[in-house]
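# Notes for the structure review
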Amino acid sequence: MQEVQGFSIESLSRGGLGMLTIILIAWLFSTNRKQVDWKLVIVGISIQIAMAIGILYVPVIQGFFEFFGKVFVKVLDFTRAGSGFLLGDLLNTDTYGFIFAFQVLPTIIFFSALTSLMFYLGVIQKVVYVLAWGLSKALKISGMESLSVAGNIFLGQTESPLMIKAYLSKMNRSEIFLVMVGGMATLAGGVLAAYIDFLGGDDPAQRLMFAKHLLSASVMAAPGAVVVSKIIVPQTEETNTDVNVPREQIGTNALDAISNGTVEGVKLAVNVAAMLLVFLALIAFINYIFGGFIGRYTGLNDWVNNITNGQYQTFSLQFILGYLLSPLMWLLGVCKEDITLVGRLLGEKVIINEFIGYASLADLKAAGAFAQQKSIIMATYLLCGFANFGSIGIQIGGIGALAPDKRAWLSEYGLRALLAGTLASCLSATVIGMIMG
C-alpha cells in the first residue's frame, strides 16, 4: 500500500476541483441561488482548510487531537474492563476472533452513560458553548443554530436539538434546515468510539490514528455543514448571534444521569445490532439475486470479474454503487485504483447507514484492498455522519416531536438535508485529501 507523500500541485488542483464540484451541486439544488452568501462559503471552507493543515502538520493542534484521541482510546480500555467481567475470555480475539457484539456494542453503552454524566456535570455544555460561539462569530449564523451544530459533534441528531428545543418553533426555514444538516453531517460520541474500536482493532497505534481522524472528521463537519446548508437554503432574515446554553440537565443527580445514559445506550446498542443483522442479511439477499441469478445466467459475473481484475468477482450491489459513484470519487481526489471501493462505501452509507459503511471499510482495510493509505483516511471522513435515508424519518419524528409546527418543513427538506449532509462529509474528505497529498 502506498503511503501518504505530502501535498503537491496535483493534490491541490484535484482538491480544488472537488470543492468546486461540491459547491456546484449544492448551488444547483439551492432554493434561492441569488441569495447565497459567498463570503460565508469562503470563510467556512477556509476554516476547514486551516483545520486540516493543523491536524496534519501543526504540532500543537496535532497534539490537541491526539490527546483527546488517547482519552477515547483509554475509555475504550475501561469499557473492556467492564466487558471482561461479563464476557470473560470471549473478548480474546486470538482465540475467538473479532465478535462485533462483544467487542463493539458494550462501547456504545458505556459511552452513552459517560456522555449523560458529562452532560449532567455541565462539561459538554461548556465545550459546546465555546465551539458554538466560534461558529456564530466566524460564520454569522444564529446562536441557536451554532449551538445545535456544535452539540451534534458530541450528541446524536435528535439529542442535540434538545439543547435548543425552546427556540425551535421560532426558527426560520434556513435555521431549521441547518439543524437538520448538522445532525446528518456529524457523529455522536458513542458510535464514534465504536468506530475507533473496530477500525483500529487491538493495535494501539491504529486505534489512536483513527481516534484522531474520526474526532477531527466530526469537528470539521460542523463548518462544512454550515457552508452546504447556507448554499442550499440561504439565510435571508436577520439573525441573533448571541449564544445561550440552556441549563437543563439529564437526571436529578449523577447516578440518575448515569442510569438514564445506560438505558439509552442499551437501546442504541440493541438498535445497532438489529439494524446490522437485518441490513447485512438484506445485502446478502440482494447480492444472491444479482450474482446468483442475473449475473450467472447472463454472463455478467464473468464480465464484472474481468473488467475489475478480480476486485469484484460477481455482479453485486457493491459493484453497482462503486461504479456509479466512482466519477465523483475521482473528482474529490481519490486515486483511480480506489475510486470504486470508496464509491461503494459512500453508497452503502447513504442507502443503508454509516455503520455498514465503516464495517465494510474495516473489512477492506483488513484485506489490504486499498492501493493508497490516503484512500482509507478519506473514506473515514467521507463516512462521517448520519446522512442516510433512515435519518430522514428519525429527524421528522425526533425534531418534529419537539417542534410540531415545523414538521411540514422537516418533511419538505428531508431529501435536501440528506444531500447536504452527504456533501458536507464529501467536503471534509476532499479538504483532508487535498492537504495530505
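Treat the numbers as computed from the prediction; the structure is a model and nothing was measured. (Residues numbered from 1 in each chain as written. Predicted model: local features only at pLDDT ≥ 70, side-chain atom pairs only at ≥ 80, totals over all residues. Heavy atoms only, no water.)

## Some words on the overall build of the chain
Cut-off, in case you're wondering: Going along the chain from the N terminus, every DSSP run of H or I of four or more residues is numbered as a helix, and every run of E of two or more is numbered as a strand. Any two residues whose heavy atoms approach within 4.5 Å at even a single point are treated as in contact. Shrake-Rupley sampling with a 1.4 Å probe provides the accessible areas, and residues are treated as covered by the protein chains on show and by no other component. This count recognises Lys and Arg as positive and Asp and Glu as negative, with His and chain-terminal groups excluded. For charged residues, the charge sits on one atom: NZ in Lys, CZ in Arg, CG in Asp, CD in Glu.
Along the backbone of the chain there are 21 helices and 0 strands. A separation threshold of at least 6 residues defines the contact pool for the chain, and within that pool the share at least 24 residues apart is 77%. Split by element, the accessible area of the chain, about 18,600 Å² in all, is 65% carbon and sulfur. If you average the places of the 27 positive and of the 27 negative side-chain charges in the chain, the two averages end up 6 Å apart.

## Thoughts on helix H7 (residues 123-139)
What counts is decided by this rule: A helix is expected to span 1.5 Å multiplied by its residue count minus one. The classification of residues rests on relative accessible area computed with a 1.4 Å probe and restricted to protein chains. Under 20% of the type maximum is buried, over 50% is exposed, and intermediate values are partly exposed. Here, the arc refers to the directions that run from the helix axis to the C-beta atoms.
In a regular helix each residue adds 1.5 Å, so 17 residues correspond to 24 Å; H7 covers 24 Å between its end C-alpha atoms and thus fits that length. For H7, the full list of buried residues reads Ile124, Gln125, Val128, Ala132, Leu135, Ser136 and Leu139. Down the axis of H7, the buried side of the element spans an arc of 95 degrees, and every buried residue falls inside it. Turned more than 90 degrees away from the buried face of H7 sit Lys126 and Val130, all of them exposed. For H7, the secondary structure elements touched by its buried residues are helix H2 (38-57), helix H6 (105-121), helix H8 (143-151) and helix H12 (204-232). Where H7 ends, the next residue or the one after it, Lys140, has phi of about 60 degrees, a positive value.

## A closer look at the environment of Ile432
Within the element layout of this structure, Ile432 appears in helix H21 (residues 414-436). When residues no more than four places from it in sequence are discounted, the contact partners of Ile432 are Ala52, Leu56, Met220, Met378 and Tyr381.

## Re unusual backbone geometry
Of note in this structure, Lys140 is not a glycine but carries a positive phi near 60 degrees. Mapping Lys140 onto the fold places it in the loop between H7 and H8. Residue classification places Lys140 among the exposed positions, given a relative accessible area of 60%.

## Overview of the packing of aromatic side chains
Note the cut-off: Here a Phe, Tyr or Trp ring, Trp counted by its six-membered ring, pairs with any other such ring whose centre lies within 6.5 Å, and the pair is stacked when the planes are under 30 degrees apart, edge-to-face when over 60, and tilted otherwise. Charge-over-ring placement is defined geometrically: NZ (Lys) or CZ (Arg) within 6 Å of the ring centre, and within 35 degrees of the ring normal.
Applying the stated criterion across every chain, the model contains 14 aromatic pairs. On the numbers, 6.2 Å between centres and 80 degrees between planes, the contact of Trp303 with Phe319 is edge-to-face. Of this pair, Trp303 sits in helix H14 (residues 300-307) while Phe319 is found in helix H15 (residues 317-332), placing the two residues 16 residues apart along the sequence. For Trp303, a relative accessible area of 45% translates into the label partly exposed. A relative accessible area of 7% means that Phe319 is categorised as buried. Following the ring pairs from residue to residue traces out a cluster consisting of Phe290, Trp303, Tyr312, Phe315, Phe319 and Tyr323. Above the plane of the ring of Trp330 lies Arg14, whose end atom (NZ or CZ) is 4.4 Å from the centre. Positioned over the ring face of Trp27 is Arg33, at 5.0 Å from the centre of the ring.

## Section: a nonpolar patch on the surface
Worth spelling out the cut-off: Candidate patch residues must exceed 30% relative accessible area and have no salt bridge, after which like charges are joined if within 9 Å and Val, Leu, Ile, Met, Phe, Trp or Tyr side chains if within 5 Å. Should a side-chain nitrogen of Lys or Arg be within 4 Å of a carboxyl oxygen of Asp or Glu, the pair is scored as a salt bridge.
A surface patch of nonpolar side chains, amounting to about 720 Å² of accessible area, comprises Leu282, Phe285, Tyr288, Ile289, Phe293, Ile294 and Tyr297. Among the secondary structure elements, Leu282 is positioned in helix H13 (residues 254-298). When its relative accessible area of 40% is taken as the criterion, Leu282 is described as partly exposed.

## A few points about the pattern of salt bridges
Enumeration according to the criterion identifies 5 salt bridges in this entry. Glu264 is the partner of Lys267 in a salt bridge, and the nearest nitrogen-oxygen pair spans 3.6 Å. One end of the pair, Lys267, and the other, Glu264, are both in helix H13, 3 residues apart, so they sit about a helical turn from each other. As a salt-bridge pair, Glu348 and Arg344 come within 3.1 Å of each other at their nearest N and O atoms. With Glu348 and Arg344 both in helix H16 (residues 339-351) and 4 residues apart, this pair spans about one turn of that helix. Residue Glu348 shares its accessibility class with Arg344, and that shared class is buried.

## Considering the side chain of Ser216
Just so we agree on the cut-off: Any pair of N or O atoms that falls within 3.5 Å is considered a polar contact. Within protein, one atom must be able to donate a hydrogen and the other to accept it, and sequence-neighbouring residues count only if both atoms are side-chain atoms.
The topology assignment puts Ser216 in helix H12. Polar side-chain contacts of Ser216 include one of 2.6 Å to the side chain of Tyr381. Those residues in contact with Ser216 that sit more than four places away from it in its chain are Ile55, Phe65 and Tyr381.

## A few points about the state of the cysteines
Going by this rule: Throughout, disulfides are identified as pairs of cysteine sulfur atoms within 2.5 Å of each other.
According to the stated counting rule, one finds 0 disulfides in the structure shown. Free cysteine: Cys426, not disulfide-bonded; nearest cysteine sulfur from Cys384 at 12 Å. Residue classification places Cys426 among the buried residues on the basis of a relative accessible area of 1%.

## Quick notes on the nonpolar core
Grouped burial of nonpolar side chains is what soluble globular proteins tend to show. Counted only if it meets this: Buried Ala, Val, Leu, Ile, Met, Phe, Trp, Tyr and Cys residues form a nonpolar core when they are joined through side-chain atoms within 4.5 Å.
Grouped together as the largest cluster of nonpolar side chains are 131 residues, with contacts concentrated most on Leu214, Met329, Phe355, Tyr358 and Leu361. With 15 residues, the single largest contributor to this core is H12. Apart from residues no more than four positions distant in its own chain, Tyr358 is found in contact with Leu187, Tyr195, Phe198, Leu199, Leu214, Thr380, Leu383 and Cys384.

## Some thoughts on the environment of Cys426
Take Cys426: it is sitting in helix H21. Taking the C-alpha atoms as reference points, Cys426 and Met378, 48 residues apart in sequence, are found 8.8 Å from one another. With residues up to four places along the chain from it excluded, the contact list for Cys426 reads Ile22, Leu332, Leu346 and Leu382.

## A look at the environment of Arg416
Mapping Arg416 onto the fold places it in helix H21. For Arg416, a relative accessible area of 29% corresponds to the partly exposed category. The residues touching Arg416, leaving out its near neighbours within four places in the chain, are Phe29, Thr31, Phe177 and Ile232.

## Section: the packing of H7 against H8
Put simply, the rule reads: Think of each axis as a best-fit line through the C-alpha atoms, taken over the contacting stretch in the case of a helix, with angles from 0 to 180 degrees between the N-to-C directions. Here the word oblique covers every angle except those under 35 degrees (roughly parallel), over 145 (roughly antiparallel) and from 65 to 115 (roughly perpendicular). Should the near helix be turned anticlockwise from the far one by less than a right angle, the crossing is left-handed, and should it be turned clockwise, the crossing is right-handed. Ten residue types, Ala, Val, Leu, Ile, Met, Phe, Trp, Tyr, Cys and Pro, are classed as nonpolar, four, Asp, Glu, Lys and Arg, as charged, and the remainder, Gly among them, as polar.
The contact between H7 and H8 brings their axes to 8 Å, and the two run at 130 degrees. Here H8 runs oblique to H7, going by the angle between their axes. The crossing of H7 and H8 is right-handed. Side by side, H7 and H8 meet where Val128, Leu131, Ala132, Leu135 and Ser136 of the first sit next to Gly143, Ser146, Leu147, Val149, Ala150 and Gly151 of the second. Its residues placed into classes, the contact of H7 with H8 shows 7 nonpolar, 4 polar and no charged.

Function-wise, these values are silent; they only describe arrangement.
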